[in-house]
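Working through the structure, step by step
In case you want the letters, here they are:
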Amino acid sequence: MNPIVEFCISNIANGAQDSFEKLERDPNLDVLEYGCLSYCTKCSESLYALVNGEIVEAETPDELTKKVYEFIEENPLF
């Protein structure tokens, strides 16, 4: 089972696009895009993704990508 990384379409439009695209290319991740993840305050303040249901935030797309991988490494599914 692959880690699940979820993005809000609004956050992608607000700057997370590069991170979304990089993570989507990783065959070891299931990257999903939703119309809304109901974290509107987070969405308006920073870039974020839900990784296995937990919020991971960053200021830049590259930092978000890095933090997603760090979170997965520190919180294995099994």
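Everything numeric here is computed off the predicted structure, so don't read it as measured data.

What follows concerns the packing of aromatic side chains. By convention here, two paired aromatic rings are described through the distance between centres and the angle between planes. One pass over the full model with this rule turns up 2 aromatic pairs. With centroids separated by 5.3 Å and ring planes inclined at 85°, the aromatic side chains of phenylalanine 7 and phenylalanine 20 adopt a geometry described as edge-to-face. Placement of the pair is phenylalanine 7 in strand E1 (residues 4-8) and phenylalanine 20 in helix H1 (residues 9-24), with a sequence separation of 13 residues. For phenylalanine 7, a relative accessible area of 0% translates into the label buried. Between tyrosine 39 and tyrosine 48 the ring centres are 6.0 Å apart and the planes differ by 65°, which places this aromatic pair in the edge-to-face class. Taking the relative accessible area as the measure of exposure, tyrosine 48 reaches 0% and is therefore buried.

Think of it this way: side chains of opposite charge can pair up when their charged atoms draw near. For the structure on display, the rule yields 4 salt bridges. Glutamate 63 is the salt-bridge partner of lysine 67, the closest N and O atoms lying 3.4 Å from each other. With lysine 67 and glutamate 63 both in helix H3 (residues 61-74), this residue pair falls 4 residues apart, about one helical turn. Since its relative accessible area comes to 31%, lysine 67 is described here as partly exposed.

Helix length check: H3 (14 residues) gives 20 Å between terminal C-alpha atoms against 20 Å at 1.5 Å per residue, within 8%. Every buried residue of H3 is listed here: Pro61, Leu64, Thr65, Val68, Phe71 and Ile72. Burial along H3 is one-sided: seen end-on, the buried residues are contained in an arc of 130°. Structural note: H3 exposes Asp62, Lys66, Glu73 and Glu74 on the side pointing more than 90 degrees away from its buried face. Close packing links the buried residues of H3 with E1, H1, strand E3 (47-51) and strand E4 (54-58).

Looking now at the nonpolar core. Among the nonpolar cores identified, the biggest contains 17 residues, and Val5, Phe7, Leu23, Val31, Val51, Leu64 and Val68 are the most heavily contacted of them. Among the elements of the structure, E1, H1, E3, E4 and H3 are those that each provide at least two residues to this core. In terms of nonpolar packing, the next biggest core, distinct from the first, is built from 5 residues, Cys8, Leu37, Cys43 and Tyr48 among them.

Two elements in contact, H1 and H3, have axes separated by 8 Å at closest approach and are oriented at 40°. As far as their axial angle goes, H3 and H1 are oblique. Crossing of H1 over H3 shows right-handed handedness. Here H1 contributes Gly15, Ala16, Asp18, Ser19, Lys22 and Leu23 to the contact with H3, which in turn contributes Pro61, Asp62, Leu64, Thr65, Val68 and Tyr69.

Definitions and cut-offs
- Each chain has its residues counted from 1, running along the sequence as written.
- Local features in a predicted model are, by the rule used here, given only for residues with pLDDT of at least 70; side-chain atom pairs are given and counted only at 80 or more, and totals for whole chains, interfaces and linings are based on all residues.
- Heavy atoms throughout the structure, all of them, feed into the side-chain values; hydrogens and water do not.
- Aromatic pairs are defined between Phe, Tyr and Trp rings, using the six-membered ring for Trp, whenever the two ring centres lie within 6.5 Å; interplanar angles under 30 degrees are classed as stacked, those over 60 as edge-to-face, and all others as tilted.
- The way it works is that DSSP assigns letters per residue, a run of H or I at least four long becomes a helix, a run of E at least two long becomes a strand, and they are numbered from the N terminus.
- Classification of residues uses two cut-offs on accessible area relative to the type maximum, computed with a 1.4 Å probe and protein chains only: under 20% is buried, over 50% is exposed, and between them is partly exposed.
- Basic side-chain nitrogens of Lys or Arg form a salt bridge, by our definition, when they fall within 4 Å of a carboxyl oxygen of Asp or Glu.
- Expected helix span is given by 1.5 Å per residue-to-residue step, counting one fewer step than there are residues.
- Taken from the helix axis, the directions to the C-beta atoms give the arc we talk about.
- Here, two residues are considered to be in contact whenever any of their heavy atoms come within 4.5 Å of each other.
- Side-chain atoms within 4.5 Å are what join buried Ala, Val, Leu, Ile, Met, Phe, Trp, Tyr and Cys residues into a set we call a nonpolar core.
- Helix axes are fitted only over the stretch in contact, all axes being lines through C-alpha atoms; the angle between N-to-C directions runs from 0 to 180 degrees.
- Note that the term roughly parallel is reserved for angles under 35 degrees, roughly antiparallel for angles over 145, roughly perpendicular for angles of 65 to 115, and oblique for everything else.
- Each crossing is labelled by how the near helix is turned from the far one, with a counterclockwise turn of less than a right angle marking it left-handed and a clockwise turn marking it right-handed.

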